[in-house]
Amino acid sequence: MIEVEHVSMNFGTFRAVDDISFSIRTGEIVGLLGPNGAGKTTTMRMITGFLEPSQGSIRIDGQAVGVETKRKIGYMPESAPLYSDMIVADYLDYVARMDGVDARERVPQLAKICGLGEVMHKNIGDLSRGNRQRVGLAHALMGDPEILILDEPTSGLDPNQVQEVRELIKRIGETRTVIVSTHILSEVESICSRVIIISGGKKIADSPTEELRSHQTDREEVRLLVGKTDAAGLKAALEGLSAVASCSVAAEGDKVASTLSLAKETDARPEIARLILAKGWDLYEMETRKNSLEDVFRTLTAGGNEK
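In what follows, the accompanying structure is described. All values derive from a computational prediction rather than experimental measurement. (Residues numbered from 1 in each chain as written. Predicted model: local features only at pLDDT ≥ 70, side-chain atom pairs only at ≥ 80, totals over all residues. Heavy atoms only, no water.)

## Side note on the packing of helix 5 (residues 129-141) against helix 6 (residues 159-172)
Convention followed: For helices, the fitted line uses only the C-alpha atoms of the stretch in contact; every axis is such a line through C-alpha atoms, and the angle between N-to-C directions lies from 0 to 180 degrees. A run of DSSP states H or I qualifies as a helix once it reaches four residues; a run of E qualifies as a strand once it reaches two. Both are numbered from the N-terminal end. Just so you know how the angles are binned, under 35 degrees is roughly parallel, over 145 roughly antiparallel, 65 to 115 roughly perpendicular, and the rest oblique. Each helix crossing is assigned a hand: it is left-handed if the near helix lies turned anticlockwise from the far helix by less than a right angle, otherwise right-handed if that turn is clockwise. Contacts are residue-level and defined by heavy atoms, with any inter-residue pair within 4.5 Å sufficient. When residues are grouped by polarity, Ala, Val, Leu, Ile, Met, Phe, Trp, Tyr, Cys and Pro land in nonpolar, Asp, Glu, Lys and Arg in charged, and all others, Gly among them, in polar.
Interaxial distance between helix 5 and helix 6 falls to 10 Å at its minimum, and their mutual angle equals 15 degrees. Classified by the interaxial angle, the pair formed by helix 5 and helix 6 is roughly parallel. The two elements helix 5 and helix 6 meet at a crossing, and its hand is right-handed. The segment helix 5 lies against helix 6, with R129, G130, R134, L137 and L141 engaging Q161, E164, L168 and I172. Here the residues of the contact of helix 5 with helix 6 sort into 4 nonpolar, 2 polar and 3 charged.

## Brief notes about the sheet that holds strand 2 (residues 14-24)
In plain terms, the rule: Two strands make a pair as long as DSSP finds a minimum of two bridges between them.
One open sheet holds the 4 strands; their spatial order is 2-1-4-5, and the pairing between them is antiparallel. Across the chains shown, the open sheet's two edge strands, defined by having one partner strand only, are strand 2 and strand 5 (63-64). As paired strands, strand 1 (residues 2-11) and strand 2 are joined by 7 bridges and run antiparallel to one another. Each residue of the ladder has a partner; that of M9, found in strand 2, is V17.

## Observations concerning the side chain of R106
The criterion, for reference: Polar contact criterion, stated in full: a pair of N or O atoms within 3.5 Å, where within protein one must be able to donate a hydrogen and the other to accept it, and residues adjacent in sequence count only if both atoms are side-chain atoms.
Residue position: R106 is located in helix 4 (residues 103-113). Among the polar contacts listed, one links the side chain of R106 to the backbone oxygen of L141, at a separation of 2.7 Å. Polar side-chain contacts of R106 include one of 3.2 Å to the backbone oxygen of M142. Beyond its immediate chain neighbours, meaning those up to four positions away, R106 contacts V101, L141, M142, D144 and R176.

## Considerations on the pattern of salt bridges
Between side chains of opposite charge, a pair can form when the charged atoms approach closely. Note the cut-off: The term salt bridge refers to a side-chain nitrogen of Lys or Arg lying within 4 Å of a carboxyl oxygen of Asp or Glu. Note on classification: 1.4 Å probe, protein chains only; a residue is buried when its accessible area is under 20% of the maximum for its type, exposed when over 50%, partly exposed between these limits.
Enumeration according to the criterion identifies 21 salt bridges in this entry. Residue D102 is joined to R104 by a salt bridge in which the shortest nitrogen-to-oxygen separation is 3.6 Å. Accessibility expressed as a relative area gives 74% for R104, which makes it exposed. Where D282 meets K228, a salt bridge forms, and the shortest distance between an N and an O atom there is 3.8 Å. Of this pair, D282 sits in strand 14 (residues 282-289) while K228 sits in the loop between strand 11 (219-227) and helix 9 (231-239), and the two are 54 residues apart along the sequence.

## A closer look at the environment of V188
Mapped onto the secondary structure, V188 falls in helix 7 (residues 185-191). Taking the C-alpha atoms as reference points, V188 and E285, 97 residues apart in sequence, are found 30 Å from one another. Once residues lying within four places of it in the same chain are set aside, the contact partners of V188 are L33, T182, V195 and L293.

## Structural notes on unusual backbone geometry
Of note, the phi angle at D144 is positive, near 50 degrees, even though the residue is not glycine. By secondary structure assignment, the location of D144 is in the loop between helix 5 and strand 7 (147-151). Despite not being glycine, E152 has its phi angle at roughly 50 degrees, a positive value. Residue classification places E152 among the buried residues on the basis of a relative accessible area of 5%.

## A short note on the packing of aromatic side chains
We apply this condition: The rule is short: rings of Phe, Tyr and Trp, with Trp giving its six-membered ring, pair when the centres are within 6.5 Å, and they are stacked under 30 degrees, edge-to-face over 60, tilted in between. Cation placement over rings: the criterion is NZ of Lys or CZ of Arg within 6 Å of the ring centroid and within 35° of the ring normal.
Applying the stated rule across the entire model yields 3 aromatic pairs. When the centroid spacing of 6.1 Å and the interplanar angle of 70 degrees are considered together, the rings of Y83 and Y91 count as edge-to-face. On the basis of relative accessibility, which here comes to 1%, the residue Y91 falls in the buried class. What makes Y83 partly exposed here is its relative accessible area of 45%. Pairwise contacts between aromatic rings join Y83, Y91 and Y94 into one cluster. The aromatic ring of Y284 is capped on one face by K255, whose charged end is 4.6 Å from the ring centroid.

## Brief notes about the environment of E164
On the secondary structure map, E164 appears in helix 6. Between the C-alpha atom of E164 and that of C114, which follows or precedes it by 50 residues, the distance is 9.9 Å. Side-chain polar atoms of E164 contact the side chain of R134, separated by 3.2 Å.

## A closer look at helix 9
Definition in use: This arc corresponds to the set of directions leading from the helix axis out to the C-beta atoms.
Three or more residues of helix 9 are buried, namely L234, A237 and L238. In a view along the axis of helix 9, the buried residues occupy a sector of 95 degrees, so they form one face of it. Summarising the geometry of helix 9, the exposed residues directed more than 90 degrees from the buried face are A232 and A236.

Written out as structure tokens, the structure reads:
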């Protein structure tokens, strides 16, 4: 259990984190989301003990952050500090000895977990960015921590590497508490069951990912493509439906496209379909567009600190 209570962090006169509180249960994968400069990295450095809060308290399993709690945490910063002139196997052996771990047992385990088997003999400086991230993960996992904290774990990776690292994080998260700090929305949606959003140093949202998407909007959109009518006729007919809050139309060749904004939790698709069929028009497409995490993020962080 991680408990963050009324924590603030000041750098001179600048308040990077402003009175945030949250708790994370054992076994959760939580996304710490926010614009660049929102306070995500500062928050994680306080949890790991690299920074001491200016105000408030942080406890790990009921203990104040200190030597004992640090042993429970594995941390991978955005740019993992690796020795580029060392061979991967030698580097991990070195980390194991620094952590007081049996390298003969632990290094092969991590090579398998992190998919490093084919690059153990290579210099770290010769690795792809994706494989360097894997080495950073192996470093963070060396002490078999109960809590894994990852800062922008897929930054700078190509799409294939991103997918590989995300799958690796999900597997690791099956047996650990994981905090992933990122501003990449698709990352949070793909691997995190819960989202904490920070903007301007303040916590502005904290909820399961699916609930966050549904609770932060009062509208749902439906897109139509209809034939055998004109824009004016389609607009007039759709605006006559009680569930339609607003309606826009535009010609697309010999068809008319329309985007409808519906009241929250209203499914008007059967009624729309019946209307179009009753008019003798052709219905080519009907697509529901649900609120995305990107929509929520833009709404909640509008005007937030982007420094």
